[in-house]
Amino acid sequence: MENLRGMFQIMTRRFGLLNKNCCTVGGCDLSLIQSHILYEIDNQNKPSMQQIAGTLGTDITTFSRQVQSLVKMNLIKKTPDPSDKRISILSLTTEGKYIATTIDQQMNAFLNEVFSHMNEFEKETVIRSIQLLNNAMAKSNACCRPLQG
């Protein structure tokens, strides 16, 4: 059997480089975590700060700083939850939505380019394998529990 950890290290490193190259839109530079925050706000329904921090497995203090920087960049806004003022709901501004959509398009273009080096059967096999791996990781007691999706 091949060195599984080595295979994952290489894949993670390559995917990290792919992510690192994704996050400049119209002169706006985002960190990897900031791009993940925009993605999650865009894909969840009126999420609270705690929900997104939990999804990303980030402690709330670190997460709060990232949110403040994205608010200053006018990419997201925080609104008190009408039913509980202690909870802040996060949403994308128009500019934030544009940047999230652009990053999404760039990442999909990169991934399509990667998959273009495979035939249809290989591509479907990899996608199915990733789904199986994500499902198994979600059931594992050893890792990945707070993450959703």
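Conventions and cut-offs
- Residues numbered from 1 in each chain as written.
- Predicted model: local features only at pLDDT ≥ 70, side-chain atom pairs only at ≥ 80, totals over all residues.
- Heavy atoms only, no water.
- Helix = DSSP H or I, 4+ residues; strand = E, 2+ residues; numbered from the N terminus.
- Buried < 20%, exposed > 50% of the residue type's maximum accessible area, 1.4 Å probe, protein only.
- Contact = heavy atoms within 4.5 Å.
- Pairing = 2+ DSSP bridges.
- Salt bridge = Lys/Arg side-chain N within 4 Å of Asp/Glu carboxyl O.
- Expected span 1.5 Å × (residues − 1).
- Polar contact = N/O pair within 3.5 Å; in protein donor to acceptor, adjacent residues only side chain to side chain.
- pLDDT = per-residue confidence, 0-100.
- Core = buried A, V, L, I, M, F, W, Y, C linked by side-chain atoms within 4.5 Å.

J.: Help me out: how do you make sense of the overall build of the protein in this one?
T.: What the protein contains, in helices and strands, is six helices and four strands. Starting at the N terminus and walking to the C terminus, you meet the elements of the protein as α-β-β-α-α-α-β-β-α-α. Residues counted as buried form 27% of the 149 residues belonging to the protein. Counting contacts in the protein only where the partners sit at least 6 residues apart, residues at least 24 apart contribute 52% of the total.

J.: What am I meant to see in the pairing of strand E4 (residues 84–92) here?
T.: The pairing of strand E3 (residues 76–81) with E4 spans six bridges and is antiparallel. Bridged to Lys-78 within E4 is Leu-90. The hairpin turn running from E3 into E4, its antiparallel successor, is two residues long.

J.: Hey, could you run me through the pattern of salt bridges in this one?
T.: Pairing is possible between side chains of opposite charge, provided their charged atoms come close. Taken as a whole and assessed by the stated rule, the structure comprises two salt bridges. For Lys-97, the salt bridge is made with Asp-42, and the minimal N-O distance between the two is 2.8 Å. Placement of Lys-97 in helix H5 (residues 94–115) and of Asp-42 in helix H2 (residues 32–43) is noted, with a sequence separation of 55 residues between them. Residue class for Lys-97 comes out partly exposed when judged on its relative accessible area of 40%. You can call Asp-42 partly exposed: its relative accessible area is 29%. Taking the shortest distance from any N to any O, the salt bridge between Arg-86 and Asp-84 comes out at 2.9 Å. Among the residues examined, Arg-86 registers a relative accessible area of 72% and is labelled exposed.

J.: Help me understand helix H6 (residues 120–139) in this model?
T.: In an α-helix, one turn spans 3.6 residues; hence positions three or four apart end up facing the same way. In a regular helix each residue adds 1.5 Å, so 20 residues correspond to 28 Å; H6 covers 29 Å between its end C-alpha atoms and thus fits that length. For H6, the N-terminal capping position is held by Asn-119, with its side-chain oxygen 3.0 Å away from the main-chain nitrogen of Phe-121.

J.: In this structure, what is going on with the confidence of the model for the protein? I would like to understand it.
T.: Parts of the model with low pLDDT should not have their predicted coordinates read in detail. Put simply, the protein has an average pLDDT of 87, and 89% of its residues get 70 or more. Mean pLDDT across the elements of the protein bottoms out in strand E1 (residues 24–25) (72) and peaks in E3 (95).

J.: Help me understand the nonpolar core in this model?
T.: Soluble globular proteins tend to pack their nonpolar side chains together in the buried interior. The biggest cluster of nonpolar side chains holds 20 residues, and the ones touching the most others in it are Leu-30, Leu-38, Phe-63, Ile-76, Leu-90 and Ile-99. The set of elements that each furnish at least two residues to this core consists of H2, helix H3 (49–56), helix H4 (60–72), E4 and H5. Per-element accounting of this core gives the leading share, four residues, to H5. Sequence-distant contacts of Leu-90, that is, excluding residues within four places in its chain, are made with Ile-41, Pro-47, Ser-48, Met-49, Ile-52, Phe-63, Val-67, Ile-76, Lys-77 and Lys-78.

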